[in-house]
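Residues per chain are reported as follows:
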Protein chains: 2
Amino acid sequence: MKYPQVLQNLIDKLANFPSVGPKTAERYAFHLLQQSPEKSQDLAQAINDLAKKIIVCQSCLAIAESNPCSICRDQNRRQDILCVVENLQDLIAIESTKQYPGRYFILGGLINTITEIQPRDLNVNKLIKKINKEKIKEIILALNFTLEGETTALYLNKLLKGHLKVTRLAKGLPAGSNLEYADELTLSSALQHRNEIK
Amino acid sequence: MKYPQVLQNLIDKLANFPSVGPKTAERYAFHLLQQSPEKSQDLAQAINDLAKKIIVCQSCLAIAESNPCSICRDQNRRQDILCVVENLQDLIAIESTKQYPGRYFILGGLINTITEIQPRDLNVNKLIKKINKEKIKEIILALNFTLEGETTALYLNKLLKGHLKVTRLAKGLPAGSNLEYADELTLSSALQHRNEIK
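What comes next is a walk through the structure. Note that the structure is a prediction, hence the values are computed from the model and not measured.

Quick notes on the rules
- Residues numbered from 1 in each chain as written.
- Chains lettered and ligands numbered in written order.
- Predicted model: local features only at pLDDT ≥ 70, side-chain atom pairs only at ≥ 80, totals over all residues.
- Heavy atoms only, no water.
- Buried < 20%, exposed > 50% of the residue type's maximum accessible area, 1.4 Å probe, protein only.
- Helix = DSSP H or I, 4+ residues; strand = E, 2+ residues; numbered from the N terminus.
- Pairing = 2+ DSSP bridges.
- Salt bridge = Lys/Arg side-chain N within 4 Å of Asp/Glu carboxyl O.
- Least-squares fit on C-alpha atoms with pLDDT ≥ 70 in both.
- Contact = heavy atoms within 4.5 Å.

1. What about the pairing of strand 5 (residues 138-142) of chain A?
All names here are of chain A.
Consideration 1: In terms of burial, strand 5 is largely enclosed, as 5 of its 5 residues are buried.
Consideration 2: Side-chain alternation along strand 5 places Glu138, Ile140 and Ala142 on one buried face and Ile139 and Leu141 on a second face that is also buried.
Consideration 3: As paired elements, strand 3 (residues 81-85) and strand 5 share 5 bridges and run parallel to each other. Paired with Val85 across the strands is Ala142, a residue of strand 5.
Consideration 4: Both strand 5 and strand 6 (residues 165-168) contribute to a ladder of 4 bridges, which runs parallel. Looking at the pairing, Leu141 lines up with Arg168 of strand 6.

Below is the structure:
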């Protein structure tokens, strides 16, 4: 025996969420079933709104409230440095440090040889155009330190080196971490790029 | 900086799902953002359908395709035994064993002294009415072996004993389990209710 069609349909759709299997999707569906119909309709509305009302800033390609977004519009931010991030989540993460004075550019993914995501699938051409059009002196590659992130950084560095300064985020031990549990790559990088105590 | 309003709104709503925190809700929202708008709208539609099209079988109180549901309508099923379960998930679990020939009744919860769920919050009155109206000879309490399930089973047993036969599922070691890791309660129950090998 299976669930009624209308319920099974929702479970199948929720099971498409990342890392959500049929059992978790069931829990979510029953949660929706148990709450008031108004709340469920609010959620449905929010999902619909996302599909319809979302705006992409044509300057940095981030999802935003307006085009251009508040960061790209802000004349107090430095126009000569550009931080290249994979996606909006990473942008928000860096922005929340309140340390970065420049603007951003969303790459829209990372090169992946397994899932065959190639440079042409990313916003590389738009990045080149932006660099050619604007007076950017430094590109900060704020990409994941994963195989995909490293590959993409290498590719972009090769592409841009010579035209402008290309930097990456520092690789090292995270705050609150334990030397004992650090992997060799992190530790050797932290050693290599050690800073003088001021 | 926060996410655009339309995105943050969806994240907040998804964070209401059981065991979903803000980070997971973010992942879900970005998943919805990355897939095609049609798929998102399908999901919104499925949620709306759930709120509007769901039917409750007035005989067993299960969510179903029709009222009465296919199980309650089935004249080939035994009418004299009734399996009391907490919810539809448990009904489906028992039904999938294909071993139970009778009908079901959804209790709609378990007595919980901490969250103050009392017998009047459950479908106990409807159960009594059903028992009085129909020729039921045996009630199987197929409730969780948790504190809440045991409390509810004790309560229902006290209420129904004398009027009809009240049974519970066997408590014992699960299939594929290891004696070494079994808790004392399970093991002593398995010992007490040991079966003769045929």
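2. A look at the pattern of salt bridges
Residues and elements named next belong to chain A.
Consideration 1: Inspection of every chain in the model, using the stated rule, returns 16 salt bridges over all chains.
Consideration 2: Across the pair Arg168 and Glu150 runs a salt bridge whose closest N-O atoms are separated by 2.8 Å. Here the residue Arg168 occupies a position in strand 6, and Glu150 occupies one in helix 7 (residues 147-160), the gap between them amounting to 18 residues.
Consideration 3: Arg168 sits in the partly exposed class, given a relative accessible area of 34%.

3. Details of the relation of the copies chain B and chain A
Consideration 1: Between chain B and chain A, which share one sequence, the superposing operator has a rotation angle of 180 degrees and an axial displacement of 0.1 Å; the RMSD is 0.1 Å. Overall, the copies show the geometry of a two-fold rotation axis. When C-alpha positions in chain B are compared against the rotation axis, the closest is assigned to Ala44 of chain B, at 2.1 Å.
Consideration 2: Of all interface residues in chain B, 100% are interface residues in chain A too; the two copies therefore contact each other through one and the same surface.

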